[in-house]
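Residue-level structure breakdown
Each chain, letter by letter, is given below.
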Amino acid sequence: MDREDRARFANVVMPHLDDAYGLARWVTGNRADAEDVVQEACLRALRGIAGFAGGNGRAWVLAIVRNTAYDWLRKNRSPTVVHVDDLEAVERLQIPDDAASAGDNPEAALIARADETRLEAAIAALPTVFRETLVLRDVQGLDYREIATITGVPMGTVMSRLARARGRVIATLGADK
């Protein structure tokens, strides 16, 4: 690998590591697995950086992360495994965060954490194709064209999946009340 490829990797991949981790976290369901996926995705991106034709680096990186995550899941989990929430997320709910609750009263902070937990659970319960589309759009902030590029489906399918995902989340949250 030459100096130019290393510089290109630093410019194309490195700025998107937080987004890569976020996507991997939602796909795998836990922090440790997401870290493994991002590490493998970075190695893949490093090996393929010479073939990057320019354009949207973020979409290119997230496509690699998505494919790496699904490859990792196929190798490391049986399709019948149901993932449990990340232990770190559970601990955050049990231990009050002084910084987050400093301006709120304890009751408001508890309600906010409960609402966040319900939303995360509703998203996590979505079928994978709906969950990844929702996360790419509403969490990562990608546009429909970028999501279509990453997932390899037409833009109309992206819009349909997003609408269905949002509808299911709304229905789930409404049913929980």
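All of these numbers come straight from a predicted model, not from anything done at the bench.

Another aspect to go through is the confidence of the model for the protein chain. Scored by pLDDT, the protein chain has a mean of 82; 81% of the residues are at 70 or more. At the level of individual helices and strands, the protein chain shows its lowest average pLDDT in helix H6 (residues 98–101), which scores 45, and its highest in helix H3 (residues 31–48), which scores 94. A low-confidence stretch, residues 81–102 stays under pLDDT 50, and its non-local contacts, those more than four residues away or across chains, total 18 contacts.

It is worth spelling out the pattern of salt bridges at this point. One pass over the full model with this rule turns up eight salt bridges. Measuring nitrogen to oxygen at the nearest pair gives 3.0 Å for the salt bridge that ties Asp71 to Arg44. Taken as a pair, Asp71 in helix H4 (residues 57–76) and Arg44 in helix H3 lie far apart in primary sequence, 27 residues in all. When its relative accessible area of 25% is taken as the criterion, Arg44 is described as partly exposed. One salt bridge connects Asp71 with Arg74, and the closest N-O pair in it is separated by 2.4 Å. Of this pair, Asp71 and Arg74 both sit in helix H4, three residues apart, which is roughly one turn of that helix. Arg74 sits in the exposed class, given a relative accessible area of 60%. Beyond isolated ion pairs, a larger network of salt bridges with shared partners links Glu40, Arg44, Arg47, Asp71 and Arg74.

Moving on, we get to the packing of aromatic side chains. Enumeration over the complete set of coordinates arrives at one aromatic pair. With a centroid separation of 4.9 Å and 50° between ring planes, the pair formed by Phe52 and Trp60 is classed as tilted. When the ring centre of Tyr144 is taken as reference, the NZ or CZ atom of Arg137 above it lies at 5.4 Å.

Since the α-helix packs 3.6 residues into each turn, any two residues three or four apart lie on the same face. Considered for burial, the residues of helix H9 (residues 144–151) that qualify are Glu146, Ile147, Ala148, Ile150 and Thr151. The inward-facing, buried residues of H9 abut H4, helix H8 (128–139) and helix H10 (155–175). The opening residue of H9 is Asp143, an N-cap whose side-chain oxygen sits 3.1 Å from the backbone nitrogen of Arg145. One or two steps after H9, the chain reaches Gly152, where phi turns positive at roughly 75°.

Within soluble globular proteins, side chains that are nonpolar generally end up buried alongside one another. In this structure, Val13, Leu23, Leu62, Val65, Leu134, Leu136 and Ile150 are the most contacted members of the largest nonpolar core, which totals 41 residues. Among the secondary structure elements, those contributing two or more residues to this core are helix H1 (3–12), helix H2 (17–28), H3, H4, helix H7 (106–124), H8, H9 and H10. Looking at which element gives the most residues to this core, the answer is H4, with ten residues. Those residues in contact with Leu62 that sit more than four places away from it in its chain are Asp19, Ala20, Leu23, Leu136, Leu142 and Ile150.

Contact geometry of H8 with H10 gives a least axis separation of 8 Å together with a crossing angle of 95°. Relative to H10, the element H8 lies roughly perpendicular. Facing H8, whose interface residues are Val129, Phe130, Glu132, Thr133, Leu134, Arg137 and Asp138, H10 presents Val158, Arg161, Leu162, Arg164, Ala165, Arg166, Arg168 and Val169. Residues that form the contact of H8 with H10 fall into these classes: seven nonpolar, one polar and seven charged.

Between the first and last C-alpha of H4 there are 28 Å, a value that for 20 residues agrees with the 28 Å anticipated at 1.5 Å per step. One side-chain oxygen at the N-terminal end of H4 lies 3.0 Å from the backbone nitrogen of Arg58; it belongs to Asn56.

What follows is about the side chain of Glu146. With respect to the helices, strands and loops of the structure, Glu146 is situated in helix H9. Despite its burial, Glu146 remains without a salt bridge, the nearest opposite charge being carried by Arg58 at 5.0 Å.

Reading the values: the criteria
In this convention, every chain numbers its residues from 1, walking through the sequence in written order. For this predicted model, a pLDDT threshold of at least 70 governs which residues receive local features, and a threshold of 80 or more governs which side-chain atom pairs are given and counted, while totals over whole chains, interfaces and linings are taken from all residues. Hydrogens are left out, water is left out, and the side-chain values use all remaining heavy atoms of the structure. pLDDT expresses how confident the predictor is about each individual residue, on a scale running from 0 to 100. Numbered from the N terminus, helices here are DSSP runs of H or I no shorter than four residues, and strands are runs of E no shorter than two. Contact between two residues is taken to exist if any of their heavy atoms lie within 4.5 Å; hydrogens are not considered. The rule for a salt bridge is simple: a side-chain nitrogen of Lys or Arg has to be within 4 Å of a carboxyl oxygen of Asp or Glu. Exposure is judged per residue with a 1.4 Å probe applied to protein chains only, and the accessible area is read against the type maximum: over 50% gives exposed, under 20% gives buried, and values in between give partly exposed. Any two of the Phe, Tyr and Trp rings considered here, Trp counted by its six-membered ring, make a pair once their centres fall within 6.5 Å; the pair's planes then place it as stacked at under 30 degrees, edge-to-face at over 60, or tilted in between. The rule is short: NZ of Lys or CZ of Arg within 6 Å of the ring centre and within 35 degrees of the ring normal puts a charge over the ring. Identification of polar contacts relies on pairs of N or O atoms within 3.5 Å, with a donor-acceptor requirement for protein atoms, meaning one able to donate a hydrogen and the other able to accept it, and with residues adjacent in sequence counted only if both atoms are side-chain atoms. Grouping buried Ala, Val, Leu, Ile, Met, Phe, Trp, Tyr and Cys residues that are joined through side-chain atoms within 4.5 Å yields what is termed a nonpolar core. To get an axis, a line is fitted to the C-alpha atoms, and for a helix only the part in contact is used. The angle between two axes follows their N-to-C directions and goes from 0 to 180 degrees. Throughout this description, any angle smaller than 35 degrees is read as roughly parallel, any larger than 145 degrees as roughly antiparallel, any in the 65 to 115 degree range as roughly perpendicular, and the remainder as oblique. Throughout this entry, Asp, Glu, Lys and Arg are counted as charged residues, while Ala, Val, Leu, Ile, Met, Phe, Trp, Tyr, Cys and Pro are counted as nonpolar. The remaining residues, Gly among them, count as polar. Given a helix with a known number of residues, its expected span is that number minus one, times 1.5 Å. Charge assignment in this entry is limited to Lys and Arg as positive and Asp and Glu as negative, and neither His nor the chain termini are counted.

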